[in-house]
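So the chains spell out like this:
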Amino acid sequence: MTVTDPHAILTVDLDAVAANWRTLRAEHPSGPVAAVLKADGYGLGAGPVSRRLYREGCRTFFTAHVTEAAAIAPDMPGATVAVLHGLGGGSSRAFVNSTPRSLSHARVVPVLGSLAEIEAWAGFGLPAMLHIDTGMNRLGLDQPALRAVRADPGRLAGIEWLCVMTHFVSSERPGDPQNAAQMADFADACAGLPAMPRSLANSSGVFLPAPSDLARPGAALFGVNPTPGRPNPMRGVVTLTAPVLSVRDVPAGTTVGYNGQWRAARASRIATVAVGYADGWLRSHANRGAARFDGKAVPLVGRVSMDMTTFDATDHPGLMPGARVELIGPGCPPDTVAEAAGTNGYEVLTALGRRYERRYLGA
Ligand SMILES: *Cc1c(COP(=O)(O)O)cnc(C)c1O
């Protein structure tokens, strides 16, 4: 395929995101399914994704930062965007001031996870979500805080509680005993609180027997396999292609790239492609990653440069300047790309750079 675009193109299939959301809904009949869109929607664009999912019927969204929440809130009447970082170390006033107040906007609420945050928010009479820690030890009420709340339920007064949540440590490992332990601890904690909806499952949690009143998947919406080691029930969302800038023949024994980290074992054809670590094509792909061309793997050779990456095109005579290789797509989904770089699909997606031409299908 020869095209005139001189740069890498990132295509995000919003119809596939919507289909994935419907799949997750079917897997979680016990309650609605939210969409976690932190880090700009896992790097794919929280704006287009939230608008598409709102159209699809999704009414609860999560971001990490309040600024991310404020950015997607417009034109989503009746929706809620919850901020996982809570008050983010700032004041309630600062939180309220950074969120839009309009009936045409989603309401933005904090997820509160400490006694100090609860106290700071209580005077406002505004809604919030409550986070309970059952093992992550990052955010959420810890055991002493939970005991304090139980001893004095008045501490929760003055806040309209939308739901209480906890977060799994290892939900992608269905056999991990910590899943059941966290479910039991969460049920215990909730029993000591005023009645409110309970939110439990992230992407992989949706596929555990862990019913809840609100699921919170993120990665699965974007095609990352929530059931590692088993067939991926999600549809692919991302296609990343990049053009070949140059092709050259090198004799056996030639090295390619910085520090000569790859040496041609035979006379070879090297294709230089316009994507590099500045685009989120991780440096850890060196000598391990691959692209696809005409449905076949093209091995990545040598180090990844900032703006370029080299591939062994010896067995791909069609790979000429102007042709495009596929870096993420049906033949190389994010999980596979991640494996070659020693990371996970989450990092591959959230690392995707700002230089790509972005195309949204089904917007
Ligand atoms: C990131 C996050 C999620 C979504 O996790 P996925 O594994 O991407 O589905 C849900 N809940 C919390 C608290 C999170 O931080």
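None of the values given here were measured: they were computed from a predicted structure. (Residues numbered from 1 in each chain as written. Predicted model: local features only at pLDDT ≥ 70, side-chain atom pairs only at ≥ 80, totals over all residues. Heavy atoms only, no water.)

Overview of the side chain of Ser 204
Right, on to step 1. For Ser 204, the location among the structural elements is in helix H9 (residues 203-206).
Right, on to step 2. Since its relative accessible area comes to 6%, Ser 204 is described here as buried.
Right, on to step 3. When near neighbours in sequence (up to four residues on either side) are disregarded, Ser 204 contacts Ser 171, Glu 172 and Pro 226. (Helix = DSSP H or I, 4+ residues; strand = E, 2+ residues; numbered from the N terminus. Buried < 20%, exposed > 50% of the residue type's maximum accessible area, 1.4 Å probe, protein only. Contact = heavy atoms within 4.5 Å.)

Regarding the site of the ligand
Right, on to step 1. Around the ligand, the surrounding shell holds 14 residues, and the nearest of these are Lys 38, Tyr 42, Ser 203, Gly 218 and Tyr 346.
Right, on to step 2. Between the ligand and the protein, one listed contact pairs an oxygen atom with a side-chain N or O atom of Tyr 42 at 2.5 Å.
Right, on to step 3. Between the ligand and the protein, one listed contact pairs an oxygen atom with a side-chain N or O atom of Ser 203 at 2.5 Å.
Right, on to step 4. Alone, the ligand offers 390 Å² of accessible surface; in the complex the protein occludes 93% of this.
Right, on to step 5. Most atoms of the ligand, that is more than half of them, are within 2 Å of grid points of the largest pocket.
Right, on to step 6. Its residues assigned to classes, the shell around the ligand shows 7 nonpolar, 4 polar and 3 charged. (Near = heavy atom within 4 Å. Polar contact = N/O pair within 3.5 Å; in protein donor to acceptor, adjacent residues only side chain to side chain. Areas by Shrake-Rupley, 256 points an atom, 1.4 Å probe, with all protein chains shown as cover. 1 Å grid on protein atoms, 1.4 Å probe; cavity = no way out; pocket = protein on both sides within 12 Å on 5 of 7 lines; lining within 4 Å. Sits in = over half its atoms within 2 Å of the grid points. Nonpolar A, V, L, I, M, F, W, Y, C, P; charged D, E, K, R; others polar.)

Observations concerning the pattern of salt bridges
Right, on to step 1. Counting across every chain of the model gives 10 salt bridges.
Right, on to step 2. The salt bridge partner of Arg 52 is Asp 15, with a shortest N-O separation of 2.7 Å. Of this pair, Arg 52 sits in helix H3 (residues 46-56) while Asp 15 sits in helix H1 (residues 14-27), placing them 37 residues apart in sequence.
Right, on to step 3. Its relative accessible area of 9% is what places Arg 52 among the buried residues.
Right, on to step 4. Overlapping salt bridges, with partners in common, bring together Asp 15, Arg 22, Arg 52 and Glu 56 in one network. (Salt bridge = Lys/Arg side-chain N within 4 Å of Asp/Glu carboxyl O.)

Details of the sheet that holds strand S8 (residues 198-199)
Right, on to step 1. Read from one edge to the other, the open sheet built from 7 strands follows the order S2-S3-S4-S5-S6-S7-S8, with strand pairing classed as parallel. Edge positions in the sheet fall to strand S2 (35-36) and S8, since each of these pairs with one other strand and no more.
Right, on to step 2. Alignment of S2 against strand S3 (residues 60-63), held across 2 bridges, turns out to be parallel. Opposite Val 36, over in S3, you have Phe 62 as the bridge partner. (Pairing = 2+ DSSP bridges.)

Re the environment of Glu 347
Right, on to step 1. Inspection of the secondary structure puts Glu 347 in helix H11 (residues 345-350).
Right, on to step 2. Look at Glu 347 and you get partly exposed, because its relative accessible area is 41%.
Right, on to step 3. C-alpha of Glu 347 to C-alpha of Gly 280: the two residues are 67 residues apart in sequence and 9.2 Å apart in space.

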